[in-house]
Number of protein chains: 2
Amino acid sequence: MAQELILDDRKQEILKSIVANYLETGEPVGSRTISKMGSLNLSSATIRNEMSDLEEMGYVVQPRTSAGRVPTDKGYRFYVDQVMSEKVDSDKSQGALLERVDKLENLLMQVAKVLAYNTQYASIVTSPRLRNKQVKFIQLSQVDEERLVAVIVVGDNVAKNQLIRVQRPLDNEEVLKFNILLNTFLQGISVDEINIELMQTMKRQAGEGEYADILEAIFEGIVDAVHQAEETHIYTSGASNILKYNELGDINKATALLETFEEQTGLSELADEALKSDDKNIQIYIGDESPVQNMKDCSIVTSTYELPEGAKGTIGIIGPKRMDYKKVVSTLKSLTDELDTIFRKE
Amino acid sequence: MAQELILDDRKQEILKSIVANYLETGEPVGSRTISKMGSLNLSSATIRNEMSDLEEMGYVVQPRTSAGRVPTDKGYRFYVDQVMSEKVDSDKSQGALLERVDKLENLLMQVAKVLAYNTQYASIVTSPRLRNKQVKFIQLSQVDEERLVAVIVVGDNVAKNQLIRVQRPLDNEEVLKFNILLNTFLQGISVDEINIELMQTMKRQAGEGEYADILEAIFEGIVDAVHQAEETHIYTSGASNILKYNELGDINKATALLETFEEQTGLSELADEALKSDDKNIQIYIGDESPVQNMKDCSIVTSTYELPEGAKGTIGIIGPKRMDYKKVVSTLKSLTDELDTIFRKE
DNA sequence: TATTAGCACTCAAGCACACAGAGTGCTAAC
DNA sequence: GTTAGCACTCTGTGTGCTTGAGTGCTAATA
């Protein structure tokens, strides 16, 4: 009985039509609709038989008896794999979307906005994950009688500072001494190697008793600044677009999604996951494939950009499963290209 | 005919009851409900007459014929003025809500989160508007062969840095020279005074031709950093809470609101407005009183915190007009107090 | 004169029911 | 293997009915 079913050419065509149609309309697709499209000359009855097979194979489902068919995650997956293999190229027509901006932070925020605006979905952009976490430069300076400022440069692109309040002004000699101490111990070491023991050693070197409180403040400030430099920032935009797609279910799901965007913790998992994948190109997660629980009803498309020194960041789009994949992929490609170009120039 | 109506004691009581009841239930309030509350011993018929008067006076409306009454903005305003005059004190029970955090940025973000979490409305917190915009400290240092870092301290709490790429390494003497130049011209002057002319003068001083490109980069970097330091940051939290209150109307209004939160431009207007008011205490905007167009269906409650040196910032709550004003006001007071205390200590 | 009881009226919400339309699965004919 | 035809299912919509909450007005009452 259980004759094995294979996805022959005709079934593939029908499946593609179903998905394409559903992407457009958002309504379950009936056999008659497919038949009337005319690309394959078959009666609705034949289509019905094929659709029945496709259902058995798990590519489509009926949301209820006597309604049309809707693609499952598996169906979307087939469609995406198929369509994406037909080489989507980046949409060059957008031209110079990104204005010239200096600060990395501003640039990435702008990328997020452009993505969200062009696609009308929600976008996410992460700052590059540092590969080179060496402390390149560290310097303490006196601002005025009660404040010092510490400047720390980590890797190739990140500078952080920290204002440090002290009880009494230090004289030049003392500042110099601290600077020598800090540079001796910290310059060139990796961020990961900075720990309490190291700090203890430095304190002993400095002649503990005398400066104990000042040292404490300085160390605290430096550890803080370093950790901050290491942190991955996440920029999002267009989260409110999610509300436009009510097939994302009830308001509760939408709320949960928006909360995920506000929390950001889920998003950073997503970014990690996207970076982890070996495939350096476009990455597509459909429904249950999503690494984030609250996004099991969405599709996520990500891409990776790369700084000249090798640090990588993620840019991505989050939207309904019924998403315009072609457009999203081409927009992402286009912006990734543009980012890569900008970074190479600089 | 047009006998003049005055808001006598009894009408006031009834109005208060209507508003209070509506705040709780969100349903139009009928005469019978008020009558049965028992605080004033009147039959529903009497209440009906009074309610009719209140409607004529513009404090309440009927959403449709033969439904109960709902407060208008004017009605809310009466209630708020009345209830707030009964001295709400800050909710001390919350105790040490704010963990000790060093960076101002983190502190304010945390305030926003606590506000949103405690009230279940949306919150907004702005960084203090600098009053003292003097450049306190400015220093250029060489990081490595192709990069400099500029550190600028503005006012009492803000330090910014900027990485600057240069074509060739500078020797110590050159760096020193630049530092002297920068400090001579910039230290102690107000941020507003930094303009192109000043930059031109400095360039001439430096011996234009030789360093033209380097100077250009440095100036650009510095102007950028200064402007950044001057910028007011806005932190928001709990924007998704807005969706919980569907009396905020259809999904379109909710979307518009969320977009306002993402855009932030509307929010900064709001913050400006809130700071402008002479009243240094709690400020309440109801419905149409809102300075932001998209929030005409909301109520906004703001408070002002102050740094020891006089810089002021805003913290506020945005929610439905049907808002728990007492709780919101007490939470805001509590957090404002706590902020003030933290700043005074430091 | 202010309050109240009573009554007629209005409207929204819930329920039952019928009906049209879309879509399916199956069978028999081509 | 394909198709026409038919019976069946289910949703959505429109209609009519009932109930309950609430109002405004009038006349009686304290």
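Up top you'll find the structure we're talking about.
No experiment lies behind these values; they were computed from the predicted model shown.

Calculation criteria
- Residues numbered from 1 in each chain as written.
- Chains lettered and ligands numbered in written order.
- Predicted model: local features only at pLDDT ≥ 70, side-chain atom pairs only at ≥ 80, totals over all residues.
- Heavy atoms only, no water.
- Helix = DSSP H or I, 4+ residues; strand = E, 2+ residues; numbered from the N terminus.
- Rg over C-alpha atoms; globule rule 2.2 N^0.38 Å.
- Buried < 20%, exposed > 50% of the residue type's maximum accessible area, 1.4 Å probe, protein only.
- Contact = heavy atoms within 4.5 Å.
- Areas by Shrake-Rupley, 256 points an atom, 1.4 Å probe, with all protein chains shown as cover.
- Near = heavy atom within 4 Å.
- Polar contact = N/O pair within 3.5 Å; in protein donor to acceptor, adjacent residues only side chain to side chain.
- Least-squares fit on C-alpha atoms with pLDDT ≥ 70 in both.
- Nonpolar A, V, L, I, M, F, W, Y, C, P; charged D, E, K, R; others polar.
- Expected span 1.5 Å × (residues − 1).
- Pairing = 2+ DSSP bridges.
- Axes fitted to C-alpha atoms, helices over the stretch in contact; angles between N-to-C directions.
- Phe/Tyr/Trp six-rings, centres within 6.5 Å; stacked < 30°, edge-to-face > 60°.
- Salt bridge = Lys/Arg side-chain N within 4 Å of Asp/Glu carboxyl O.
- Parallel < 35°, antiparallel > 145°, perpendicular 65-115°, else oblique.
- Left-handed = near helix turned anticlockwise from the far one by under 90°.

Asks: How should the overall build of chain A be read in this particular structure?
Replies: Scanning chain A from terminus to terminus reveals 11 helices and 10 strands. The C-alpha radius of gyration computed for chain A amounts to 27 Å, which surpasses the reference 20 Å derived for 346 residues by more than 25%, pointing to a less compact arrangement than a globule. Burial status across chain A gives 53% buried among its 346 residues. Once local pairs closer than 6 in sequence are excluded, the contacts in chain A between residues at least 24 apart make up 61%. Accessible surface, chain A as shown: approximately 16800 Å² in total, 46% of it carbon and sulfur.

Asks: Explain the protein's contact with DNA strand D to me, please; I cannot follow it from the model alone.
Replies: Around DNA strand D there are 19 residues in total, and Arg10(A), Thr46(A), Thr65(A), Ser66(A) and Ser31(B) lie nearest to it. Taking Arg10(A), its side chain carries an N or O atom lying 2.8 Å from a phosphate oxygen of DNA strand D. Side-chain polar atom of Arg69(B) to a phosphate oxygen of DNA strand D: 3.0 Å apart, as the coordinates give it. Of all the secondary structure elements, the ones that give two or more residues to the surface near DNA strand D are α3 (44-56) of chain A together with α3 (44-56) of chain B. Here the surface near DNA strand D takes 4 residues from α3(A), the largest share from any one element.

Asks: What exactly am I supposed to notice about the relation of the copies chain A and chain B here?
Replies: Between the two copies of this chain, the relationship is a rotation about some axis together with a displacement along it. When chain A is fitted to chain B, the residual RMSD is 0.2 Å, and the transformation amounts to a turn of 180° plus an axial shift of 0.1 Å. Here the symmetry operator amounts to a two-fold rotation axis. In terms of proximity to the rotation axis, the leading residue of chain A is Asn161(A), whose C-alpha is 3.4 Å off the axis. The share of interface residues of chain A whose copies in chain B are also at the interface is 97%, consistent with both copies meeting through the same surface.

Asks: Help me understand the protein's contact with DNA strand C, please; the structure alone is not making it clear to me.
Replies: In the region of DNA strand C, 19 residues are neighbours, and Ser31(A), Arg10(B), Thr46(B), Arg64(B) and Ser66(B) sit closest. Interatomic distance of 3.1 Å between a side-chain N/O atom of Arg48(A) and a base nitrogen of DNA strand C. In this structure, a base oxygen belonging to DNA strand C sits 3.3 Å away from a side-chain N or O atom of Arg48(B). Contributions of two or more residues to the surface near DNA strand C are made by α3 of chain A together with α3 of chain B. With 4 residues, the single largest contributor to the surface near DNA strand C is α3(B). Its residues assigned to classes, the surface near DNA strand C shows 4 nonpolar, 10 polar and 5 charged.

Asks: Can you help me understand helix α5 (residues 104-119) of chain B in this one?
Replies: Side chains that are three or four residues apart share a direction in an α-helix, a result of its 3.6 residues per turn. Residues and elements named next belong to chain B. Compared with an ideal rise of 1.5 Å per residue, which puts 16 residues at 22 Å, α5 spans 23 Å between its outermost C-alpha atoms and is within 8% of the ideal. What α5 keeps buried is the set Leu107, Leu108, Gln110, Val111, Ala112, Val114, Leu115, Ala116 and Thr119. As for α5, its buried residues are in contact with β3 (122-126), β7 (234-237), β9 (298-306), β10 (312-320) and α11 (325-345).

Asks: Explanation requested: the sheet that holds strand β7 (residues 234-237) of chain A in the structure shown.
Replies: The strands making up a sheet associate through backbone hydrogen bonding, with each pair oriented either parallel or antiparallel. Residues and elements named next belong to chain A. Spatially, β7-β3-β10-β9-β8 is the arrangement adopted by the 5 strands of the open sheet, whose pairing is antiparallel. Each having just a single partner strand, β7 and β8 (283-286) make up the two edges of the open sheet. Averaged over all pairs of adjacent strands, the angle between strand axes in this sheet comes to 15°, irrespective of strand direction.

Asks: Sorry, what's going on with the packing of aromatic side chains here?
Replies: Pairs of aromatic rings are described using the distance from one ring centre to the other and the angle between the two planes. All names here are of chain A. Under the definition given, this model contains 8 aromatic pairs over all chains. Here tyrosine 59 and phenylalanine 78 contribute two aromatic rings whose centre-to-centre distance is 6.2 Å and whose plane-to-plane angle is 70°, an arrangement assigned as edge-to-face. With tyrosine 59 in the loop between α3 and β1 (60-61) and phenylalanine 78 in helix α4 (residues 73-85), the pair connects residues that are 19 residues apart, well separated along the chain. A residue is classified by how much of its surface remains accessible, and tyrosine 59, at 13% relative accessible area, is buried. Residue classification places phenylalanine 78 among the buried residues on the basis of a relative accessible area of 11%.

Asks: Hey, could you run me through the pairing of strand β4 (residues 135-144) of chain A in this one?
Replies: It is a general feature of regular strands that their side chains alternate between the two faces of the sheet. Residue and element names in this part refer to chain A. With respect to burial, β4 is a largely interior element, 7 of its 10 residues being buried. Sheet topology places β4 next to strand β5 (residues 147-154); 8 bridges connect them, and they run antiparallel. The residue of β5 that forms the bridge with glutamine 142 is leucine 148. As consecutive antiparallel partners, β4 and β5 are separated by 2 residues.

Asks: Looking at this structure, how should I read the pattern of salt bridges?
Replies: A side chain with one charge can pair with a side chain of the opposite charge if their charged atoms come near. Residue and element names in this part refer to chain A. For the coordinates displayed, the defined rule picks out 24 salt bridges over all chains. In this structure, aspartate 73 engages lysine 321 in a salt bridge whose closest nitrogen and oxygen atoms are separated by 2.7 Å. One end of the pair, aspartate 73, is in helix α4; the other, lysine 321, is in the loop between β10 (312-320) and α11 (325-345), with 248 residues separating them in the sequence. Counted as one network, the salt bridges with shared partners bring together Arg10, Lys11, Glu50 and Asp53.

Asks: Hey, could you run me through the packing of α4(A) against α11(A) in this one?
Replies: The relative placement of two packed helices is expressed as an angle between their axes plus a distance between the axes. Residue and element names in this part refer to chain A. Between α4 and α11, the least distance of the axes is 11 Å, while the angle of their chain directions is 50°. Overall, the two elements α4 and α11 adopt an arrangement that is oblique. Between α4 and α11 lies a crossing whose hand is right-handed. Of the residues in α11, those in contact with Tyr76, Val80, Val83 and Met84 of α4 are Tyr325, Lys326 and Val329. Looking at side-chain class alone, the contact of α4 with α11 contains 6 nonpolar, no polar and 1 charged residues.

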